[in-house]
Amino acid sequence: MAEDSPTFPRRAALAAAALATATAAQAQPTGGPTRMTVTETDMLGLIDVQPTFMPGGELAVAEGDLVVPVINRLLAGPFRHAFATQDWHPRGHSSFASSHPGKQPFETVQMPYGPQTLWPDHGIQNTANAAIHPDIEQARIELIVRKGFRTEIDSYSAFMENDKRTGTGLDAWLKARGVRRVFLVGLATDYCVAWSAEDARGNGFEVVVVEDACRGIGLPLPTGGTTMDAARKRLTEQGVIFTTSSALL
Ligand code: VGL
Ligand code: ZN
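The structure reproduced in this document is the subject of the present report. Every value quoted in this text rests on a predicted model; they were computed, and no experiment measured them.

Each donor-metal-donor angle in an ideal tetrahedron of four donors is 109.5 degrees, and each such angle in an ideal octahedron of six donors is either 90 or 180 degrees. Around the zinc ion (ligand 2), the donor atoms from the protein are Asp87 (OD), His89 (NE2) and His122 (NE2), and they sit 2.0 to 2.2 Å away. The site at the zinc ion (ligand 2) holds 4 donor atoms, and with the angles between them running 88 to 172°, its shape is irregular. The sequence pattern describing where the donors of the zinc ion (ligand 2) fall on their chain is D-x1-H-x32-H. Per residue, the accessibility class of Asp87 equals that of His89, and both read buried.

Before going further, it helps to spend a moment on the environment of Ser95. Within the secondary structure layout, Ser95 lies in the loop between β2 (82-87) and β3 (108-111). Sequence spacing of Ser95 and Met111 is 16 residues, and the spatial spacing of their C-alpha atoms is 9.5 Å. When residues no more than four places from it in sequence are discounted, the contact partners of Ser95 are His89, Gln116, Thr117, Leu118, Trp119, His122 and Asp154. A polar atom in the side chain of Ser95 sits 2.9 Å from the side chain of His93.

In this chain, Leu187 is followed by Ala188 through a cis amide linkage whose omega measures -10°. Within the secondary structure layout, Ala188 lies in the loop between β6 (181-187) and α4 (189-202). At Glu63, a residue that is not glycine, the phi angle is positive and equals roughly 60°. Within the fold, Glu63 resides in the loop between β1 (42-47) and α2 (67-76). Non-glycine residue Lys164 carries a positive phi angle of around 65°. Locating Lys164 in the fold gives a position in the loop between β5 (141-147) and α3 (170-176).

Analysis parameters
- Residues numbered from 1 in each chain as written.
- Chains lettered and ligands numbered in written order.
- Predicted model: local features only at pLDDT ≥ 70, side-chain atom pairs only at ≥ 80, totals over all residues.
- Heavy atoms only, no water.
- Donors = N, O, S within 2.8 Å, 3.2 Å for Na, K, Ca; no water.
- Tetrahedral: all angles 85-135°; square planar, octahedral: opposite > 155°, others 65-115°.
- Buried < 20%, exposed > 50% of the residue type's maximum accessible area, 1.4 Å probe, protein only.
- Helix = DSSP H or I, 4+ residues; strand = E, 2+ residues; numbered from the N terminus.
- Contact = heavy atoms within 4.5 Å.
- Polar contact = N/O pair within 3.5 Å; in protein donor to acceptor, adjacent residues only side chain to side chain.

Written out as structure tokens, the structure is:
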């Protein structure tokens, strides 16, 4: 049986099957995940580790706060270098349901750049809940990328706004730093982490998602399954590796 995964809970049968496959492929005789050695060309990326996405926040992700101690262990140990993103919306942002009369959070609307899920107001610039979580040890965070600050475009990915054209500059920064592999942690697995992982792959980086340092939203899809299942499938197809912090610590 697959180990329980906080990121991709077993309640979704398809996700569990995918996890069983992934876990089996990485299993060592001891049963733990394959150890990975962090080097100078590796960088940890903290995606939206902000109270707005944690219990008590405006767009709370279940157990979102539990990523904080795991991320701190990664920052205290193997990773010398990290960047972080901050969802950083002005009031009245176009991704907020409140900006679309008659629409409710989690409905979808068409934007000039394609379909856009609507959210509760969250990640509001200059609010305490939009800060990087105060318990995160920031000494090794060398760059903070803010995103979603244009009223008309949402931005899930650390690399690119949702129009898939407007870059954040992160790609060039990572390349200038000689980074080859990006380890992603944070919130939410199926939105900002997944979109960042895909763009990192598209920009030529190796990508590892550290599952126990992520939590997801898991919206149901009209085609069945959830956004968590869909994200895992897409990422796996694109060569993103899934691991857990125990492989790194
Ligand atoms: C996120 C929805 C809206 C995320 C940000 O961090 O995954 N999700 N804004
Ligand atoms: Zn947002």
